[in-house]
Amino acid sequence: MYLYNSATHKKETFTTHTPGHVEMYTCGPTVYHYAHIGNLRSYIMEDVLEKFLRYEGWDVHRVMNITDVGHLASDADTGEDKMLKGAKREHKSVMEIAKFYTDAFFADCEKLNIKTPDVVEPATDCIGEYIKIVSGLIDKGYAYLAGGNVYFDTSKLGRYYIFNDHDEEDLAVGVREGVEEDTNKRNKNDFVLWFTKSKFEDQALKWDSPWGVGYPGWHIECTGISLKHNGEYLDIHCGGIDNAFPHHTNEIAQSEAYLGHPWCKQWFHVHHLNTNSGKMSKSKGEFLTVSLLEEKGYDPLAYRLFCLQSHYRKSLVFTWENLDNAQGTYQKLIRRVAALKDGGGAVDQEVVGQYKEKFIQQVGNDLNTSMGVTALYDVLKAKANDETKLAILRDFDQVLGLSLLEKAAALREKEAAQTASTGEGGFTITGEGDPAIDALVLQRAQAKKAKNFAEADRIRDELKAQGIEVTDTKDGAVWKRI
Ligand code: AMP
Ligand code: ZN
């Protein structure tokens, strides 16, 4: 496939360190609150990327961290620990908060058909890894101790601003609103690898280390977890665009300094979901969740479709009207799939192959998911039997994850159930909704339709004996208790 690489600012042919095998890493959620639908846009697009790579035949090994310590209010290591903030807000312990929101995250992922990565590792489970890497960085002269903390020395690097699309001004730590400058830093972009003496005295989670009791910085977490599970050569690293700087820049700095060789080949960044008033963010406190969409009657997969309809490298504006449109499109799509009949006819493998080839070409062009969605309509219009169409749709859905066939089957079942209570020939049966009586009323309607009036009368009498009166109206049969 061709994929845009944020490290080179170019669309490149996707290649890996070990032919045929992909080591993939994804920055996971900071579990101090529910994931908002913006976060989930990133996870949906990363999920499609993983599924597409598998579909193309790559053997993918995907790792994700769960940030349950060390992510401070500012990505540049200042402010309060987000986990502690969550615990205080809810009068719970940090671990309780972490467990609750980790579970909530995966429940949302399930609703959105986001596959769980092969490895999911909470940051608090890898303290030994961070200590090993930080010790190595100190030994190699890339890190220093100041004011009790261990810092990475960015002046020791030949190159640092790898994703720097920002102005120098924006990068200056300490000039942001409400952010206190850390006077221990030798260079403005140095970052904390390990906190020992910090102003957060009530920090809940602390571990022993060669530099005193403390806790890891946020950036070292991803390096530690990736080196542990992906090995020394990472093929692709994913995250939302806000992670590019300083988080990913710092990950590269420390990983390459520690390893002594290039680390990750490709960087995949998903642009933001915005509302009309700006970026959706957890720290602002007000944001949209999957549960809220469900409460308002939306199918979470309509949101997935909404995300697939636009390119991951463009920011996406969320409005209720846009979501309404996606929901309408999704429902119509399911209805069209439901209309296809699997009568046991032969699947035309040649047609399947042609459509597959085109799909790989289109979606494989920098993960063009909207072309992937368009491909579904091409299949529906194809000159092929329904069995072939269903086979192709099932195949494409392995990548798109819209549950097309499952939802279509559910729709057919629902409609069949409605027909049963409607009766053939348009006999609407209304009453108290007693299934046994509905069934008898339906039998009577069917008998009448078959001109078996004796049977119809017999059922009417049977119902009467049970205290039920049936009246035929122009809309169908209506029953009531007498
Ligand atoms: P967090 O839980 O804050 O660490 O973020 C989890 C993921 O969501 C990261 O990859 C972020 O880059 C990404 N993210 C944060 N805000 C947005 C947004 N508004 N739209 C898309 N992705 C986002
Ligand atoms: Zn990360």
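These lines cover the structure that appears in this document, whether it is placed above or below. Keep in mind that what you see is a predicted model, and the values were worked out from it rather than measured. (Residues numbered from 1 in each chain as written. Chains lettered and ligands numbered in written order. Predicted model: local features only at pLDDT ≥ 70, side-chain atom pairs only at ≥ 80, totals over all residues. Heavy atoms only, no water.)

Turning our attention to the sheet that holds strand 3 (residues 21-26). Read across the open sheet, the five strands follow the order 7-4-3-12-13; overall the sheet is parallel. Across the chains shown, the open sheet's two edge strands, defined by having one partner strand only, are strand 7 (119-122) and strand 13 (264-270). Between one strand axis and the next, the sheet turns through 20° on average, direction left out of account. Where helix 6 (residues 218-230) meets the sheet, it contacts strand 3, strand 4 (59-66), strand 7 and strand 12 (234-240), and its direction lies at approximately 145° from that of strand 4. In this fold helix 7 (residues 244-259) packs onto strand 12 and strand 13, with an angle of close to 170° to the strand it touches most, strand 13. (Pairing = 2+ DSSP bridges. Helix = DSSP H or I, 4+ residues; strand = E, 2+ residues; numbered from the N terminus. Axes fitted to C-alpha atoms, helices over the stretch in contact; angles between N-to-C directions. Contact = heavy atoms within 4.5 Å.)

So, about the packing of helix 9 (residues 300-308) against helix 10 (residues 320-338). A pair of packed helices can be characterised by two numbers: the angle between their axes and the separation between those axes. It is the contact of helix 9 with helix 10, at a shortest axis distance of 8 Å, that shows an interaxial angle of 105°. Put simply, helix 9 runs roughly perpendicular to helix 10. Contacts between helix 9 and helix 10 involve Leu 301, Ala 302, Tyr 303, Leu 305 and Phe 306 on the former and, on the latter, Asn 322, Leu 323, Ala 326, Gln 327, Thr 329 and Tyr 330. Its residues assigned to classes, the contact of helix 9 with helix 10 comprises eight nonpolar, three polar and no charged. (Parallel < 35°, antiparallel > 145°, perpendicular 65-115°, else oblique. Nonpolar A, V, L, I, M, F, W, Y, C, P; charged D, E, K, R; others polar.)

Our focus in this paragraph is the side chain of Asn 65. By the secondary structure assignment, Asn 65 is in strand 4. Within polar-contact distance, the side chain of Asn 65 engages the side chain of Thr 67 at 3.0 Å. Contact partners of Asn 65, with chain neighbours within four places excluded, come to Tyr 25, Thr 26, Cys 27, Gly 28, Pro 29, Glu 121, Glu 221, Cys 222 and Ile 225. (Polar contact = N/O pair within 3.5 Å; in protein donor to acceptor, adjacent residues only side chain to side chain.)

On to the pairing of strand 13, then. Among the seven residues that make up strand 13, six are buried, leaving the element largely enclosed by the rest of the structure. In this region the chain leaves strand 12, passes through helix 7 and returns to the parallel neighbour strand 13; the handedness of that crossover is right-handed. (Buried < 20%, exposed > 50% of the residue type's maximum accessible area, 1.4 Å probe, protein only. Right-handed = clockwise from strand over helix to strand, strands pointing away.)

Under the defined criterion, the tally for this structure stands at 25 salt bridges. In this structure, Lys 480 engages Glu 469 in a salt bridge whose closest nitrogen and oxygen atoms are separated by 3.9 Å. Note that Lys 480 is positioned in strand 18 (residues 476-481) and Glu 469 in strand 17 (residues 468-473), a separation of 11 residues in sequence. In this structure, a network of salt bridges that share partners links the residues Glu 46, Glu 50, Arg 54, Arg 62, Lys 115 and Asp 118. (Salt bridge = Lys/Arg side-chain N within 4 Å of Asp/Glu carboxyl O.)

What follows deals with the packing of aromatic side chains. As enumerated under the stated definition, the model contains 21 aromatic pairs in all. Centroid distance Phe 195 to Tyr 215: 4.9 Å. Interplanar angle 20°. Geometry classified as stacked. Pair noted here: Phe 195 is in strand 10 (residues 191-195) and Tyr 215 is in strand 11 (residues 215-216), with a separation of 20 residues, a long-range link. Tyr 215 sits in the buried class, given a relative accessible area of 1%. Taking 5.7 Å as the distance between ring centres and 25° as the angle between the ring planes, the aromatic pair formed by Tyr 298 and Trp 320 counts as stacked. Of this pair, Tyr 298 sits in the loop between helix 8 (290-295) and helix 9 while Trp 320 sits in helix 10, placing them 22 residues apart in sequence. (Phe/Tyr/Trp six-rings, centres within 6.5 Å; stacked < 30°, edge-to-face > 60°.)

Those protein atoms acting as donors to the zinc ion (ligand 2) are Cys 27 (SG), Cys 222 (SG) and His 247 (NE2), and they sit at 2.0 to 2.2 Å. Read from N- to C-terminus, the donor residues coordinating the zinc ion (ligand 2) fall into the pattern C-x194-C-x24-H. Of this pair, Cys 27 sits in the loop between strand 3 and helix 1 (37-55) while His 247 is found in helix 7, placing the two residues 220 residues apart along the sequence. We classify Cys 27 as buried; its relative accessible area is 6%. (Donors = N, O, S within 2.8 Å, 3.2 Å for Na, K, Ca; no water.)

Here the focus is the nonpolar core. With 130 residues, the main nonpolar core has Leu 49, Tyr 303 and Leu 367 as its most contacted residues. No other element matches the 10 residues that helix 1 contributes to this core. No fewer than three residues from each of domain 1 (2-287) and domain 2 (311-408) sit in this core. Apart from residues lying up to four places away in sequence, Leu 367 is in contact with Met 1, Tyr 2, Leu 3, Met 45, Val 48, Leu 49, Phe 52, Phe 268, His 311 and Tyr 312. If you look at the next biggest cluster of nonpolar residues, it comprises nine residues, including Leu 440, Val 441, Leu 463 and Val 470. (Core = buried A, V, L, I, M, F, W, Y, C linked by side-chain atoms within 4.5 Å. Domains from an automatic or database assignment.)

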